[in-house]
Structures are given as structure tokens and as C-alpha cells.
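What follows is each chain in one-letter form.
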Amino acid sequence: MTEIIIPAIFSCISSFFTVYFVTPPLIRLLIKKNFTVRDVNKKGEVMVARPGGLVIILGIMSSEIILYAFFQNPEILSIMSVTFLSFLIGYVDDRKVLGGWFKPIALALAATPIIFLGTYDSNLAFPIFGVVNIPILYFAIILLMIPITGNTINSIDVLNGVASGFMVVASFALSAALFILGNYEIMLTSLTLGFVSLAFYKFHKIPSKIFPGDSGALALGGMYGAIAIVGHVEIIAAVALLPAVVNSFLFLSSMKKIVEHRQIKGKPVEHTEDLKLKATLDKTAPITLVRLILAKSPMTEKQVVNEILKLAIFSGMLAVVTAFLMRVEL
Amino acid sequence: MRFALVGFLFVMWILMLIGGGIIVAVLGPISLLGDSSFPWFVSSGIKAAFAISLVIIWIFILFKVKNWIFTKELNF
């Protein structure tokens, strides 16, 4: 246990403070270069810097390099590779408008380092019932996991602080699960993801000073998916991500196809005169988590974000319970 | 609405546990081709097809649960 404490301290400090100190100058640079977008939920023309993915990937890479220097573990190398490729795909999407299918296919390709480096185990572990060996199907799981986690985090990034706040909860829950299961090296990787998200949340929370953009959301989601596969905690990771999965499920089940947000005509949410968020009655608009939360009555953006984060905490607790159930066998 | 959402998350979690149980306890041990000379990947492929079918059934169940939980409270 003592051999992981020093790398834990170095990597967590590096991940948190890299993002904490580099984000303010990045915000100034992005504003100066006119890389800003309007925050549609604020009064007037409030422009916010984007993409924050640049600082997120910097924080992740700095801490992962430290962990790799300590452990020389190919599993860490494969998580780094998947995360960096996911970031690049997101960055391309930040700069150019791409089709709805581009991201899922490109993210599936981003998962290939896990296969090439052989950092997976085709035994899929389920709580209570044990493991099942699925050599063929597991390839499909690897190729599906990164697009699912990447796009899931990307699609929940609709309000100030949701994507980063959600990742704080999910990655700390996943870290706790990895600790319970005794997978300490990957637990440290997951911890750094939590600290990167936490530092970014400081600038992303209401009122946002920077948005992560597709590059940030896909880097966070891609890394989360890679940790799930490499750490053999696929089911636990899915449980911790349930509110975001529900959001994607509701979206897809109402739209019946994969579409980019830009292509949607009906608005799921609109504003009241006092700038609260309100669910629309538009039948053509997708059903989303935010729309469901607002179904009963209008709320402020902050109230909706709090509701989502409470759901994330509930799922995080379910994930930890699932980790304990992994140790129980019938 | 918060309780409905929490309930929906809980149902999803239970479905995941049950689905895992079916895959591990039922699908995993089945020897579809006995000890015949069929290559292992044929058996594995058939099991994979069953598992994918299970996922589709689960999505269908979730769809129904979603409608049951939310439709009575929503107008959209």
C-alpha cells in the first residue's frame, strides 16, 4: 500500500494544480483569440471561452506521465492513448461541424490502443454471479465503450458545470470501487480523472468562465471508458454513469436515430421571462434528462444542475454498492 | 419528478444485476455445441448473439418502464 501513496500524491497534485493554474491564462487567451460561444441560459450576450479541453488533456497527461514513470504499466499507457485520441476527435469537432456518425466511429477507432496493447481481460465481471468469458463479444464491448462514454458525457454537457461536476462524482465513485476491488494502480488513474474534473469544475460551474467543448467532454468520457475496460470495472462504471446513460437513452428513444444537437429542430427547453428554464410541449423536441427534471415546474439553471448532481451521487452510491457485490459470490 | 427519476435509475440498476445473472449463470455454462469439432468461436459467436438479443430485450423493457413511469406525469 505504501508504494502507491507517493505516486498518488504526485499525480493528484499534478492533475489538480495543472488545471487550476493553467485554466485562467487559457481563458484569457481564448477570449483574446475570440474562441468564445454565447451562454444561451444567461441574460444578454454573455460570451464564454471554449474549448477547455486543452487544459483538461494537459492535466490528464501530466498526471498520467507521472503514474507511468512510477509503474511502467502498459495499462496506463493504453488509457493515455485512448484519452488523447478522444481529445483529438473532440478538438476536430470543436473546430469543424461534422456529421452525427463521425464521433461514434472515430471514438470506436480511438479504443484500438486497448486491443493493440492487450490491456484488457475478456472475462466480464458481474456482481454476485461472478465472471463470464466472452472473447468475441468483448471486442465489441471495447469498441462500443469509448463511443458510449464519450458521447454520453458530451450529451450531458448542456448546463454550466454539469459535465465536469458529473465526472467528479462518477470518477471518485469509480476510484472507490477500484479500491474496494484492490486494483490500486488503475484506481490512481481514476483519481487523477476526478481531480482534473474537480479543478475544471471550479471554472465551469455557474456562472461558467470556460466550457469544456467536445474536446474536453470526449477526453473525460473517453478516459472514463478506458479506465472501465482496463480496470475490469465495466459494469460498475456503467452504474456510476446511469443518469447520463438515461439522458442518452431518453434522447435516442425519442429521436429514434443518432443526430447531432445542431440538427435538432424542436427545443426541449425554453426560458421564462425571469430566465428560469422550462420544459417545452414541442412533440418534435427530444426528451432529455433536463426536460424531465423541468416537467413539473420551471427552475433556475443552478437548481437543475443540483438535481442532476444529486442523481449522480445516487448512482455513485449504487456503483460502490455494486463493487461490494462484486466480492460476493453465490 | 426526482423520485420518478431515482426510481428509473434503480430499475436500471436492478435490470443490470438480473441481466448479469442470466449471462453468467445461464448463458455462460451452456455448451451449445457439446464437445464436437466445431471451432470455439462458433459457440462464442452464438452466445454473443444471445447476449446481444438480451440487451435488445432489456432496452425494450426499459422503454416500457420509461413510458410507465413518466408518461402519466408528462404531456410531451
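Residues numbered from 1 in each chain as written. Chains lettered and ligands numbered in written order. Predicted model: local features only at pLDDT ≥ 70, side-chain atom pairs only at ≥ 80, totals over all residues. Heavy atoms only, no water.

**Student:** Which parts of the structure should I look at to understand unusual backbone geometry?
**Tutor:** All names here are of chain A. Following arginine 50, the chain continues to proline 51 via a peptide bond in cis, the omega torsion being 10°. Within the secondary structure layout, proline 51 lies in the loop between strand S2 (47-49) and helix H2 (53-71). Between isoleucine 206 and the following residue, proline 207, the backbone shows a cis peptide bond with an omega angle of -10°. Tracing the backbone through its elements, the reader meets proline 207 in the loop between helix H8 (184-204) and helix H9 (213-230). The backbone of asparagine 34 sits at a positive phi, close to 65°, despite the residue not being glycine. The class of asparagine 34 is exposed, set by a relative accessible area of 58%. One non-glycine residue, glutamine 72, lies in positive phi territory at about 45°. On the accessibility criterion, glutamine 72 (52% relative accessible area) is exposed. (Helix = DSSP H or I, 4+ residues; strand = E, 2+ residues; numbered from the N terminus. Buried < 20%, exposed > 50% of the residue type's maximum accessible area, 1.4 Å probe, protein only.)

**Student:** How do you make sense of the packing of aromatic side chains when you look at a structure like this?
**Tutor:** How two aromatic rings sit relative to each other is set out by the distance from centre to centre and by the angle between their planes. Residue and element names in this part refer to chain A. Across all of its chains, the model carries 16 aromatic pairs over all chains by this definition. A ring pair is formed by phenylalanine 16 and phenylalanine 195, whose centres lie 6.5 Å apart and whose planes are at 85°; its orientation type is edge-to-face. Remark: phenylalanine 195 occurs in helix H8 and phenylalanine 16 occurs in helix H1 (residues 2-32); sequence separation between them is 179 residues. Each member of the aromatic cluster is reached from another via a ring pair, and the members are Phe16, Phe17, Tyr20, Phe21, Phe172, Phe195 and Phe203. Directly above the aromatic system of phenylalanine 203 lies the positively charged group of lysine 202, at a separation of 4.9 Å from the ring centroid. (Phe/Tyr/Trp six-rings, centres within 6.5 Å; stacked < 30°, edge-to-face > 60°. Lys NZ or Arg CZ within 6 Å of the ring centre and 35° of its normal.)

**Student:** Sorry, what's going on with a positive patch on the surface here?
**Tutor:** Residues and elements named next belong to chain A. A grouping of Lys202, Lys205, Lys209 and Lys302 is seen on the molecular surface, where their side chains present a positively charged patch. For lysine 205, the position within the fold is in the loop between H8 and H9. With a relative accessible area of 37%, lysine 205 lands in the partly exposed category. (Patch = residues over 30% accessible without salt bridge, like charges linked within 9 Å, V, L, I, M, F, W, Y side chains within 5 Å. Areas by Shrake-Rupley, 256 points an atom, 1.4 Å probe, with all protein chains shown as cover. Salt bridge = Lys/Arg side-chain N within 4 Å of Asp/Glu carboxyl O. Lys, Arg positive; Asp, Glu negative; His and termini not counted. Charge placed at Lys NZ, Arg CZ, Asp CG, Glu CD.)

**Student:** Whenever I open this one, empty space enclosed by the protein confuses me. Can you help?
**Tutor:** Where empty space is left in the structure can be found by rolling a water-sized probe over the atoms. Enumeration over the complete set of coordinates arrives at one cavity of 30 Å³ or more. As a volume, the largest cavity reaches approximately 50 Å³. Taken together, Val132(A), Asn133(A), Ile134(A), Leu137(A), Ile23(B), Leu27(B), Gly28(B), Lys47(B), Ala48(B) and Ala51(B) make up the full set of residues lining the largest cavity. Elements with a minimum of two residues in the lining of the largest cavity: strand S4 (130-133) of chain A together with helix H1 (2-27) and helix H2 (40-70) of chain B. (1 Å grid on protein atoms, 1.4 Å probe; cavity = no way out; pocket = protein on both sides within 12 Å on 5 of 7 lines; lining within 4 Å. Points joined across faces, edges and corners; volume = space filled by probe spheres on them.)

**Student:** I would appreciate a short explanation of the side chain of Thr192(A) in the present structure.
**Tutor:** Residue and element names in this part refer to chain A. With respect to the helices, strands and loops of the structure, threonine 192 is situated in helix H8. Relative accessible area serves as the criterion here: at 1%, threonine 192 is assigned to the buried category. Looking at threonine 192, its side chain comes within polar contact range of the main-chain oxygen of threonine 189, at 2.6 Å. Apart from residues lying up to four places away in sequence, threonine 192 is in contact with Ser11, Cys12, Ser15, Ser63, Glu64, Leu67 and Met223. (Polar contact = N/O pair within 3.5 Å; in protein donor to acceptor, adjacent residues only side chain to side chain. Contact = heavy atoms within 4.5 Å.)

**Student:** Help me out: how do you make sense of the pattern of salt bridges in this one?
**Tutor:** Pairing between side chains of opposite charge can happen when their charged atoms approach one another. Residue and element names in this part refer to chain A. One pass over the full model with this rule turns up seven salt bridges over all chains. Between lysine 42 and aspartate 39 there is a salt bridge whose closest N-O contact spans 3.0 Å. Given the relative accessible area of 16%, lysine 42 is considered buried. The residue lysine 310 makes a salt bridge to glutamate 307 at a minimum N-O spacing of 3.8 Å. Linking lysine 310 with glutamate 307, this pair stays in helix H13 (residues 301-326), spanning three residues, or about one helical turn. Classification of glutamate 307 by relative accessible area gives buried; the value is 12%. Linked through salt bridges whose partners overlap, the residues forming this network are Asp39, Lys42 and Glu301.

**Student:** How should the pairing of strand S3 (residues 123-126) of chain A be read in this particular structure?
**Tutor:** Each regular strand displays side chains that alternate between the two surfaces of the sheet. For S3(A) and S4(A), the ladder comprises four bridges, and the chain directions are antiparallel. When the sheet's bridge partners are listed, Phe126(A) is paired in S4(A) with Gly130(A). (Pairing = 2+ DSSP bridges.)

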